[in-house]
Each structure stands twice: as structure tokens, then as C-alpha cells.
Amino acid sequence: MPDPALLSAAVSIVLSQGGPAEEGADDTVLIRRLCGQVPSASPGLCRDAVSRARKLSRDAYEICDAFRDGAYGSGSGAGDAALRALEEKSPGFSPDDYRQAFAAGLLWTAF
């Protein structure tokens, strides 16, 4: 399992792509970027981290879409419930990674 710093760097790279990651997309450029940012990580670890971050972005899109439809209730607890759902669906990231993915998902589903 990738270390938290590697996962966080992967999340930042994947979320900077401007939309949820498509399954089956070529990750070569993202893996190279991540390996460049974290030179101590092997290409295999970078590939795994990018793959997990891509899944997180897709899950964030799905959960934020449901959140906008009221699936997690209304009021102050709805956002927390959606974040917990994201954590359950894509475990192993930091609280900040989940918040970043959720914020990105809200932007992506706003249109």
C-alpha cells in the first residue's frame, strides 16, 4: 500500500486534470509526474497510487452527484455523511484528500 504522502501527491495530480478520471485512461503521463514529484517511489507504487486516486475521483463524482440529489439528507450533517460515504467507498486516504476530492466532485457536478 502506498504511503500517505504518495497518495496525497497522486490525489493532487489526478484532481488537477479537471474532471473525474475515466476508467481505462492511459496513466503514463500521470505516473511519470508522480514519480518525478516523489523520486523515492518505485514506478509500481506510483502506478498503484495513481490508480487509487483515479478511483477516488470517480467515487467523488458519483457521491457528489447523489449528494446534490439529497441522497445524504439535508442540513449541516449531509456533507459529513457524504464524506463518510466517500471514505467507505475509497478507503486509505487522508481526511484532507477526501475533502479535496469532495470539493472537486462538487465542482464537477455543478454543471
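Residues numbered from 1 in each chain as written. Predicted model: local features only at pLDDT ≥ 70, side-chain atom pairs only at ≥ 80, totals over all residues. Heavy atoms only, no water.

Caption draft 1: Just the overall build of the chain, in detail. In terms of helices and strands, the chain carries five helices and zero strands. Beginning at the N terminus, the succession of helices and strands in the chain can be written as α-α-α-α-α. Relative to the 2.2 N^0.38 estimate, which gives 13 Å for 111 residues, the radius of gyration of the chain is 14 Å and therefore close to what a compact globule would have. With the C-alpha coordinates of the chain rotated into their principal frame, the extents come out at 45 × 25 × 20 Å. Counting the 111 residues in the chain, one finds 41% classified as buried. Taking the contacts inside the chain whose residues are at least 6 apart along the sequence as the reference set, 67% of them involve residues at least 24 apart. (Helix = DSSP H or I, 4+ residues; strand = E, 2+ residues; numbered from the N terminus. Rg over C-alpha atoms; globule rule 2.2 N^0.38 Å. Buried < 20%, exposed > 50% of the residue type's maximum accessible area, 1.4 Å probe, protein only. Contact = heavy atoms within 4.5 Å.)

Caption draft 2: The packing of helix 4 (residues 77–89) against helix 5 (residues 95–108), seen in detail. Interaxial distance between helix 4 and helix 5 falls to 10 Å at its minimum, and their mutual angle equals 110 degrees. Taken together, the axis directions place helix 4 and helix 5 in an arrangement best described as roughly perpendicular. As for the relative orientation of helix 4 and helix 5, their crossing is right-handed in sense. Packed against helix 4, whose contacting residues are Gly 79, Ala 82, Leu 83, Leu 86 and Glu 87, the element helix 5 presents Tyr 98, Arg 99, Ala 101 and Phe 102 at the interface. Broken down by class, the residue content of the contact of helix 4 with helix 5 amounts to six nonpolar, one polar and two charged. (Axes fitted to C-alpha atoms, helices over the stretch in contact; angles between N-to-C directions. Parallel < 35°, antiparallel > 145°, perpendicular 65-115°, else oblique. Left-handed = near helix turned anticlockwise from the far one by under 90°. Nonpolar A, V, L, I, M, F, W, Y, C, P; charged D, E, K, R; others polar.)

Caption draft 3: Expanded view of the environment of Arg 32. Relative to the helices and strands, Arg 32 is located in helix 2 (residues 28–37). The exposure class assigned to Arg 32 is exposed, which follows from its relative accessible area of 61%.

Caption draft 4: Seen up close, the confidence of the model for the chain. In this model, the chain carries an average pLDDT of 93, and 97% of its residues clear a pLDDT of 70 or more. The secondary-structure element of the chain with the lowest mean pLDDT is helix 2, recorded at 94, while helix 4 shows the highest, at 97. (pLDDT = per-residue confidence, 0-100.)

Caption draft 5: View of the pattern of salt bridges. By the definition in use, this model includes four salt bridges. Here Arg 54 ties to Asp 27 by a salt bridge, and the two come within 2.3 Å at their closest N and O atoms. One end of the pair, Arg 54, is in helix 3 (residues 43–68); the other, Asp 27, is in the loop between helix 1 (4–15) and helix 2, with 27 residues separating them in the sequence. Its relative accessible area of 15% is what places Asp 27 among the buried residues. Among the ionic pairs, Arg 99 bridges to Asp 96, the shortest N-O distance being 3.9 Å. Separated by three residues within a single helix, Arg 99 and Asp 96 lie in helix 5, roughly one turn from each other. With relative accessibility at 38%, the residue Asp 96 sits in the partly exposed group. (Salt bridge = Lys/Arg side-chain N within 4 Å of Asp/Glu carboxyl O.)

Caption draft 6: Quick look at the side chain of Ser 57. By the secondary structure assignment, Ser 57 is in helix 3. Leaving out residues up to four positions away in the same chain, Ser 57 has contacts with Val 14, Leu 15, Pro 20, Ala 21 and Trp 108.

Caption draft 7: Structural view of helix 3. With 26 residues, helix 3 ought to run about 38 Å at 1.5 Å a step, and its terminal C-alpha atoms sit 37 Å apart, in line with that. In the stretch just after helix 3, Gly 70 is the one whose phi turns positive, near 85 degrees. (Expected span 1.5 Å × (residues − 1).)

Caption draft 8: Structural detail: the packing of aromatic side chains. Under the defined criterion, the tally for this structure stands at two aromatic pairs. Measuring from ring centre to ring centre gives 5.9 Å for Phe 93 and Tyr 98, while their planes differ by 80 degrees; the resulting arrangement is edge-to-face. Accessibility classification places Phe 93 together with Tyr 98 in one group, the buried group. Over the ring of Phe 93 we find Arg 52; its NZ or CZ atom is 5.2 Å from the centre of that ring. (Phe/Tyr/Trp six-rings, centres within 6.5 Å; stacked < 30°, edge-to-face > 60°. Lys NZ or Arg CZ within 6 Å of the ring centre and 35° of its normal.)

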